[in-house]
Amino acid sequence: MADENNANGKNGNKTGLLDKVTTGVKDDIQALKTDIPAKAKEQIEGLKDPTKTQVYTSIFRHKHDDTPRNRALGVLSNVFLHLHPAKINRDAVRYSYTWGMGGITFYLFIILTYTGVLLMFYYHPSKVQAFRDVLYLEHDVPFGKILRNMHRWAAHLMVIAVWLHMFRVFLTGSYKKPREFNWNIGVLLLVFTLLLSFTGYLLPDDQLGFWAVTVGTNMARATPLLGHEGPFGSQLGMTPYNDVRFGLLGGSIVDANALLRSYIWHCIGIPIVASVLMIVHFWRVRKDGGISGPAPVMLTEEADKPRRGPKAAGE
Amino acid sequence: MDWRQLWEICSAPDNVPIVALIPLLAFYIYLAWRQAHANDQLIGQLEADPALAKTHHRKTWPFKPGWQKEVHVWPFLLRIEFLGAIIVTIILMIWSITLNAPLEEPANPNLTMNPAKAPWYFLGLQEMLVYFDPWIAGVVMPTMIIIGLMVIPYIDTNPLGSGYYTWKQRRFSISTFLFGFVILWVAMIIIGTFIRGPGWQWFWPGQTWDHNRLIYEVNRDLPDEVPRWLGGPITSNWAKGVFGAIVVGGYYLIGGGAVYSLFRRRMAKDFQRMSLLQFSLMAFLWLTMVALPLKMSLRLLWHIKYVWITPWFNI
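Source: prediction; values computed, not measured.

Chemist: Could you clarify how one ought to interpret the overall build of chain B in this entry?
Modeler: Counting secondary structure elements, chain B contains twelve helices and one strand. For chain B, the α and β elements follow one another from N to C terminus as α-α-α-β-α-α-α-α-α-α-α-α-α. Relative to its length of 315 residues, chain B is extended, with a C-alpha radius of gyration of 25 Å against a globular reference of 20 Å. Along the first, second and third principal axes, the C-alpha atoms of chain B reach 80 × 55 × 35 Å. Burial analysis of chain B (315 residues in total) assigns 25% to the buried set.

What follows is the structure, encoded as structure tokens:
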């Protein structure tokens, strides 16, 4: 069409250009009116199934359809969930067997890390400020009181949960072959849980914490060989200024150095060690064959016979 | 009956975990006992009927051929974990809203708290200070507890009861652990929390804490109590040391003999499985644990402070 008009005019080229532009724009507008809505419609339709979007497939490495394969992949291809196996014994999910205390302990550790980090924003580990910071936290910081309460009660709950977890593991004989080593890791984790709680006790710098830690660390004076009041301590040259208690407190009394030391052990030292041990603990649970039971009962006469099944071959 | 005093002790924020621990522990002991009882009945039934033992699935829960032995972690385990996390969060939230973490006056080395108590989970050790010198109660005992717990898997050679609750198949190990955990650890904590008042004196629940109460106790040492017809009382330091060594050594020798006799007669199979090292380690740790209540009763019933007196240490 443009070519026919151009043939008659002097300024055919110019009008031709204008014409070209107008028709081009018209064409674009037409396309906007028809193609874009169609494309948008198509893409919105596509969004109705978000599992097919590039963003989704880049995050999740498998489909979401409810198939056994996807259920397994949902666990195995997720960094947080892959601590679990894809499938477990049908009875292993029974609460009466596991009591869930190991999981609760770990969950409380996460809560304590979270609330603990928030508390660190408001706390200075110095004699001048520590107690004031706690007062400030309780009276001025929004939700500061509940934050501190949650941290404290979660710590107490964690101690109880660890004990009950150990109690369950003992009663079900879960420390027996091949889980002996993991029981040992668990004992260390128990000790570190108590130490975490104990080092946190001093941090508010109030009478309660001060005297509890004084009572606690006074026992270190009496360490055999390494404490100045312990057996053979003075014979080995121990004094209040060089014995093991001095090393723990960074001084001969519970003072500024003790506060700083317990802060660093509480917030950095022990959590790192405990986290490493937790990694080993969880990993060994899997490597040692998952949770111990509920296993089929063994009869007394079978005790010294090799077990049936694949395990018998290995022994 | 001083109800106010009782309420003050029970409602002290840091004592609430212990108040919670008692029913929790009772519940879980009941839960374990119920399953152990059911398993023991099943074991008895299967041992009486070898034909059934060959075909039975050996659990107290129903299982039929054709049922799947395993279930998917997603969702059957993850939903429990998720639910558990929610429940713990709710409990923690409610607890934190209703009860404030304790905060006493600022730390003051010149104002001694009376009673000055360690954190509640260490009160068992603090209670031991009444009966033992600090180097034993504060250093040796915690070390022995940790080592004792860690060697459990290596000295318990009984292959039965791995992965299920039972009582019949593990009487010795379960009663030992229950004794150590419930009586020596938890009960001592309860005494330390609810019974011990100012001056670490014994106040029955409901008795008013009298800060001026004095108790005149004459505690004597075992060497002084040796009757005249046996050549006592022993006066020279040298003889006291030798006498104590004989008593303590004799306890382990005679006790070791008794444990040996018990194992040989009542637990012949377990004894056969154990190496000499395993057996002597087990006997030593077991006797050391039993020595605690023995020493406590010596003190409470006969007012005996030390058994073994040397210039360097007293036991």
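Chemist: Help me understand the confidence of the model for chain A, please; the structure alone is not making it clear to me.
Modeler: Interpretation of this model should avoid reading the predicted coordinates in detail wherever pLDDT is low. Taken residue by residue, chain A gives an average pLDDT of 88. The fraction at 70 or more is 92%. Here residues 310-315 of chain A is a poorly scored stretch, pLDDT under 50, and it has three contacts once near neighbours within four places are set aside; other chains count.

Chemist: Whenever I open this one, the packing of helix H6 (residues 101-120) of chain A against helix H5 (residues 78-98) of chain B confuses me. Can you help?
Modeler: Packed helices, taken two at a time, are described by the angle between their axes plus the distance between the axes. H5(B) packs onto H6(A) with a crossing angle of 55° between their chain directions and a minimal axis gap of 10 Å. The angle between H6(A) and H5(B) falls in the class oblique. Seen along the crossing, H6(A) lies across H5(B) with a hand that is right-handed. Residues A:Gly103, A:Ile104, A:Tyr107, A:Leu108 and A:Ile111 of H6(A) form the contact with H5(B), whose own contacting residues are B:Glu81, B:Gly84, B:Ala85, B:Val88 and B:Leu92. Looking at the contact of H6(A) with H5(B) residue by residue, the classes come out as seven nonpolar, two polar and one charged.

Chemist: I'm lost on the interface of chain B and chain A in this one. Help?
Modeler: Note on interface size: it is often stated as the accessible area lost on association of the parts. Of the residues lining the interface, 81 residues belong to chain B; the matching set on chain A comes to 83 residues. Those elements that place two or more of their residues in the side of chain B that touches chain A are helix H2 (16-48), strand S1 (70-72), helix H4 (73-76), H5, helix H7 (134-155) and helix H8 (171-195) of chain B. Its residues assigned to classes, the side of chain B that touches chain A comprises 53 nonpolar, 15 polar and 13 charged. Where strand S1 (residues 87-89) of chain A meets S1(B), three bridges bridge the pair, whose relative direction is antiparallel. Pairing of A:Ile88 across the sheet is with B:Val71, part of S1(B).

Chemist: I'm lost on the environment of B:Lys59 in this one. Help?
Modeler: Within the secondary structure, B:Lys59 sits in the loop between helix H3 (50-55) and S1. For B:Lys59, a count of 20 C-beta atoms within 10 Å gives the class buried. Between the alpha carbons of B:Lys59 and B:Ile43 there is a distance of 9.4 Å; along the sequence they are 16 residues apart. Leave out the neighbours within four places in its chain, and B:Lys59 touches A:Asp91, A:Pro294 and A:Pro296.

Chemist: What exactly am I supposed to notice about helix H12 (residues 256-287) of chain A here?
Modeler: Residues spaced three or four apart along an α-helix point in a common direction, a consequence of the helix completing one turn every 3.6 residues. Residues and elements named next belong to chain A. Spanning 32 residues, H12 covers 45 Å between terminal C-alpha atoms, matching the ideal 46 Å at 1.5 Å per step. Within H12, the axis deviates most sharply at Trp265, by approximately 45°. Within H12 the residues assigned to the buried category are Ala258, Leu259, Ser262, Tyr263, His266, Cys267, Ile270, His281 and Val285. Of the residues one or two after H12, Gly289 is the one with positive phi, at around 100°.

Rules used in this analysis
- Residues numbered from 1 in each chain as written.
- Chains lettered and ligands numbered in written order.
- Predicted model: local features only at pLDDT ≥ 70, side-chain atom pairs only at ≥ 80, totals over all residues.
- Helix = DSSP H or I, 4+ residues; strand = E, 2+ residues; numbered from the N terminus.
- Rg over C-alpha atoms; globule rule 2.2 N^0.38 Å.
- Buried ≥ 20, exposed ≤ 12 C-beta atoms within 10 Å, placed from the backbone.
- pLDDT = per-residue confidence, 0-100.
- Contact = placed C-beta atoms within 7 Å.
- Axes fitted to C-alpha atoms, helices over the stretch in contact; angles between N-to-C directions.
- Parallel < 35°, antiparallel > 145°, perpendicular 65-115°, else oblique.
- Left-handed = near helix turned anticlockwise from the far one by under 90°.
- Nonpolar A, V, L, I, M, F, W, Y, C, P; charged D, E, K, R; others polar.
- Pairing = 2+ DSSP bridges.
- Expected span 1.5 Å × (residues − 1).
- Bend = angle between axes of the 7 residues up to and from the residue.

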